[in-house]
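Coordinate analysis (summary)
Take a look at the letters that make up each chain.
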Amino acid sequence: MKPDLFEAPDYYNLDELLTDEHKLVRDAARSWVKRDVSPIIEEYAQRAEFPNQIIAGLAEIGAFGPYIPEKYGGAGLDQISYGLIMQEIERGDSGVRSTASVQSSLVMYPIWKYGSEEQRNKYLPKLASGEFMGCFGLTEPDHGSNPAGMTTNFKDKGDHYLLNGAKLWISNAPFADVAVVWAKNEEGRIHGLVVERGMEGFSTPETHNKWSLRASATGELIFDNVKVPKENLLPGKSGLGAPLSCLDSARFGIAWGAIGAAMDCYDTALRYSKERIQFDKPIGGTQLQQKKLAEMITEITKAQLLAWRLGVLREEGKATTAQISMAKRNNVDMAIKIAREARQILGGMGITGEYSIMRHMMNLESVITYEGTHDIHLLITGMDITGIAAFK
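Summarised in this report is the structure supplied together with it. These figures come from a predicted structure and were not determined experimentally.

1. Here's the deal with the nonpolar core
Within soluble globular proteins, side chains that are nonpolar tend to cluster in buried spots. With 100 residues, the main nonpolar core has Ile89 and Trp182 as its most contacted residues. At 17 residues, helix 6 (residues 241-275) tops the list of elements feeding residues into this core. If you look at the next biggest cluster of nonpolar residues, it comprises 19 residues, including Phe154, Ala173, Val195 and Phe202.

Here's what the structure looks like:
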């Protein structure tokens, strides 16, 4: 087991843009990752198993609903703090960050924003503490980039709703206690419902044989005539805009998280380049390797600036969906390219579990696709700047 020697790059002194609270929150998350994630994550990724024992630690560092008000069990932090926590967790592993992102932005966020006061008090404190784990049901077997085409539906049966359908590629599904599920009513309007484990007809089979996000639990949500109490309908908002606003929050976290994965790959490659001797000198002294490293730190710095500015805009309530899409697409694309270049610097050692790079590379193949594919985010930007939708 190799020690975690990670040193975060800050080429443009961006720490000067952060408050003391930001740095305190980030450093607490960084220390936790070094202590509780880095020593075990390679083993769990090799086994394709989520390390359930880290849930309490995620809750302790405020990773579950950092921006949720303290009255509901959250930490009451700002958006940049949320981003920094996601950055540090994904530096450890994208799958672990996915667990926290889903809990925060896709489960707690809609209950906080669109739930009743009774729902907030019932679910949010337990989700914030990790006593409850949640998942988010939007994507279906036949409807990914086009969620409006969903077929999962519910019917009004007088004293309850009857829910039928299926969701696919759902992070946290195998162990989730609650699921925020998006389904159409009899008029075809999309609503959110809170479905609890144990409801008859609700099952969560796990997805196996993944080459990516192996330390994250992924599964399906199956609804076979599930009776959902009427008080479990989220009353605050309906229509596709409701789940898409949750995705805005999650994508914002991903834009920060991807920087963490990129920083880890860069830091690993930089250290290796100074230690690996070929032709009687460190490979870091060759032009081609310096080109790779110089381009890496440049792209990381640009992504840091993009994420920080987006955090300011989001905290001010000014960030648009299109701006969030740009940051998600750019930063994940940046991270996956850095992972590939870093792997080359390590040569054959780069494919082994002795280093984190290949695991990051495989994970990022999922991150570049989920919560809006690379291509869809390009089209969101294209629509925003031309005013013309190219989706269909």
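2. Details of the side chain of Arg251
Within the secondary structure, Arg251 is located in helix 6. The buried charged residue Arg251 lacks any salt bridge, with Asp248 as its nearest oppositely charged partner at 4.3 Å. Among all residues touching Arg251, those that are not within four sequence positions of it are Ile324, Ser325, Lys328, Glu371, Gly372 and His377.

3. Structural notes on the layout of surface pockets
The computed volume of the largest pocket comes to approximately 1300 Å³. Lining of the largest pocket is provided by 47 residues; of these, Thr139, Gly144, Tyr370, Glu371 and Gly372 occupy positions nearest its centre. Per element, the largest residue contribution to the lining of the largest pocket is six residues, and it comes from helix 6. By residue class, the composition of the lining of the largest pocket is 22 nonpolar, 16 polar and nine charged. Of the pockets and cavities examined, the second largest pocket occupies roughly 520 Å³. As for the second largest pocket, its lining consists of 23 residues, of which Lys2, Pro3, Glu354, Tyr355 and Ser356 are closest to the centre. Examining the composition of the lining of the second largest pocket, we find that six residues originate from one element, helix 6, more than from any other. Tallied by class, the residues present in the lining of the second largest pocket amount to eight nonpolar, five polar and ten charged.

4. Focus on the pattern of salt bridges
Applying the stated criterion across every chain, the model contains 21 salt bridges. Between Arg26 and Asp27 there is a salt bridge, with its nearest N and O atoms 3.1 Å apart. Among the ionic pairs, Arg120 bridges to Glu117, the shortest N-O distance being 2.8 Å. One end of the pair, Arg120, and the other, Glu117, are both in helix 5 (residues 117-129), three residues apart, so they sit about a helical turn from each other. A network of salt bridges, in which partner residues are shared, links Asp4, Arg91 and Asp264.

5. Focus: the environment of Ile89
On the secondary structure map, Ile89 appears in helix 3 (residues 79-92). The spatial distance from the C-alpha of Ile89 to the C-alpha of Lys210 is 21 Å, given a sequence separation of 121 residues. Once residues within four sequence positions are removed from consideration, Ile89 is found in contact with Val33, Leu58, Ile61, Ala63, Val96, Arg97 and Ala100.

6. Here we look at the packing of aromatic side chains
By the definition in use, this model includes eleven aromatic pairs. Between Tyr67 and Tyr82, the aromatic rings sit 5.1 Å apart at their centres with planes inclined by 80°, giving edge-to-face as the arrangement. With a gap of 15 residues between them, Tyr67 in the loop between helix 2 (55-60) and helix 3 and Tyr82 in helix 3 connect regions that are remote in the sequence. The pair formed by Tyr67 and Tyr82 is uniform in burial state, with each residue classed as buried. Aromatic pair Tyr67 and Tyr109: ring centres 6.2 Å apart, planes at 75°, arrangement edge-to-face. Pair noted here: Tyr67 is in the loop between helix 2 and helix 3 and Tyr109 is in helix 4 (residues 94-114), with a separation of 42 residues, a long-range link. Considered together, Tyr67 and Tyr109 belong to a single accessibility category, that of buried residues. Each member of the aromatic cluster is reached from another via a ring pair, and the members are Tyr67, Tyr82, Tyr109, Trp112, Phe252 and Trp256. Against the face of Tyr44 rests Arg47, its NZ or CZ located 4.4 Å from the ring centre.

7. Remarks on unusual backbone geometry
In this structure, Asn172 takes a positive phi of about 75° despite not being glycine. Structurally, Asn172 can be placed in the loop between strand 3 (160-171) and strand 4 (178-184). For Leu213, which is not a glycine, the phi torsion comes out positive at approximately 50°. Position of Leu213 among the secondary structure elements: in the loop between strand 6 (202-203) and strand 7 (218-229).

8. A look at helix 7 (residues 287-315)
Compared with an ideal rise of 1.5 Å per residue, which puts 29 residues at 42 Å, helix 7 spans 42 Å between its outermost C-alpha atoms and is within 8% of the ideal. After helix 7 finishes, the residue Gly317 shows a positive phi value of roughly 75°.

9. Notes on the pairing of strand 7
Of the strand pairs in this sheet, strand 3 and strand 7 are connected by nine bridges, and their pairing is antiparallel. Among the inter-strand pairings, Lys167 is bridged to a residue of strand 7, identified as Leu221. Bridge count between strand 6 and strand 7: two bridges; the pairing is antiparallel. Bridge assignment links Phe202 to a residue of strand 7, and that residue is Phe223.

10. Considering the packing of helix 8 (residues 321-346) against helix 10 (residues 374-386)
It is the contact of helix 8 with helix 10, at a shortest axis distance of 9 Å, that shows an interaxial angle of 140°. Helix 8 and helix 10 meet at a crossing whose hand is left-handed. Contacts between helix 8 and helix 10 involve Ala322, Ser325, Met326, Lys328, Arg329 and Asp333 from the first element and His374, His377, Leu378, Ile380, Thr381 and Asp384 from the second.

The rules behind these values
- Residues numbered from 1 in each chain as written.
- Predicted model: local features only at pLDDT ≥ 70, side-chain atom pairs only at ≥ 80, totals over all residues.
- Heavy atoms only, no water.
- Core = buried A, V, L, I, M, F, W, Y, C linked by side-chain atoms within 4.5 Å.
- Buried < 20%, exposed > 50% of the residue type's maximum accessible area, 1.4 Å probe, protein only.
- Helix = DSSP H or I, 4+ residues; strand = E, 2+ residues; numbered from the N terminus.
- Lys, Arg positive; Asp, Glu negative; His and termini not counted.
- Salt bridge = Lys/Arg side-chain N within 4 Å of Asp/Glu carboxyl O.
- Contact = heavy atoms within 4.5 Å.
- 1 Å grid on protein atoms, 1.4 Å probe; cavity = no way out; pocket = protein on both sides within 12 Å on 5 of 7 lines; lining within 4 Å.
- Points joined across faces, edges and corners; volume = space filled by probe spheres on them.
- Nonpolar A, V, L, I, M, F, W, Y, C, P; charged D, E, K, R; others polar.
- Phe/Tyr/Trp six-rings, centres within 6.5 Å; stacked < 30°, edge-to-face > 60°.
- Lys NZ or Arg CZ within 6 Å of the ring centre and 35° of its normal.
- Expected span 1.5 Å × (residues − 1).
- Pairing = 2+ DSSP bridges.
- Axes fitted to C-alpha atoms, helices over the stretch in contact; angles between N-to-C directions.
- Left-handed = near helix turned anticlockwise from the far one by under 90°.

The quantities given are spatial measurements derived from coordinates; they are silent on function.
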